[in-house]
Amino acid sequence: LAWTAKFGADTLIYSAPMLVWTISIPAQFNGLFILPVLSCVSQILATKMQPAATSGNEQQKSTGKMMQYFFPIFSLWICATSTSAFAIYWVASNLIQIAQTFFVNLYFDKRDKEGSTDIKEVN
């Protein structure tokens, strides 16, 4: 594949035979390992901002705690072994999740301080 050599990916990782043709997936340059590290850091921030699980049994709590440390390592590994587009997607979705969690928490904290509730109790 001559076009892949222009981008520094002249070796093939995988060749997938299809019904009519074969798809060749070239090796891609994934930057200077910056994007995989950014995906790991943004995943750590996203999981730290999520409210801790206070309900459930001990097994559910320990599983949640393990996932809190597993997913950042998993995102580092996946983004390091995939193309940079996947790492950009992962970082962008984590940043959107961080912003969404921040603003939702800000709204509910403000509402709790004011003491007002939108839901009225019916007796």
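Rules used throughout
- Residues numbered from 1 in each chain as written.
- Predicted model: local features only at pLDDT ≥ 70, side-chain atom pairs only at ≥ 80, totals over all residues.
- Heavy atoms only, no water.
- Axes fitted to C-alpha atoms, helices over the stretch in contact; angles between N-to-C directions.
- Helix = DSSP H or I, 4+ residues; strand = E, 2+ residues; numbered from the N terminus.
- Parallel < 35°, antiparallel > 145°, perpendicular 65-115°, else oblique.
- Left-handed = near helix turned anticlockwise from the far one by under 90°.
- Contact = heavy atoms within 4.5 Å.
- Expected span 1.5 Å × (residues − 1).
- Buried < 20%, exposed > 50% of the residue type's maximum accessible area, 1.4 Å probe, protein only.

## Observations concerning the packing of helix H2 (residues 34-49) against helix H3 (residues 58-81)
At a closest axis distance of 8 Å, the pairing of H2 and H3 adopts a crossing angle of 160°. As the angle between them shows, H2 and H3 are arranged roughly antiparallel. For the crossing formed where H2 meets H3, the hand is right-handed. From H2, Pro 36, Val 37, Ser 39, Cys 40, Gln 43, Ile 44, Thr 47 and Lys 48 reach across to H3, where they touch Gln 68, Tyr 69, Phe 71, Pro 72, Ser 75, Leu 76, Cys 79 and Ala 80.

## Regarding helix H4 (residues 84-114)
For H4, which comprises 31 residues, the first-to-last C-alpha distance of 45 Å matches the rise-based estimate of 45 Å (1.5 Å per residue) to within 8%. For H4, the set of buried residues is Ala 87, Trp 90, Val 91, Asn 94, Ile 98 and Thr 101. Looking one or two places after H4, you find Gly 115, whose phi comes out positive at around 80°.

## Focus: the environment of Val 41
Its place among the elements puts Val 41 in helix H2. A relative accessible area of 43% means that Val 41 is categorised as partly exposed. Val 41 sits 50 residues away from Val 91 along the chain, and the two C-alpha atoms are 8.9 Å apart.

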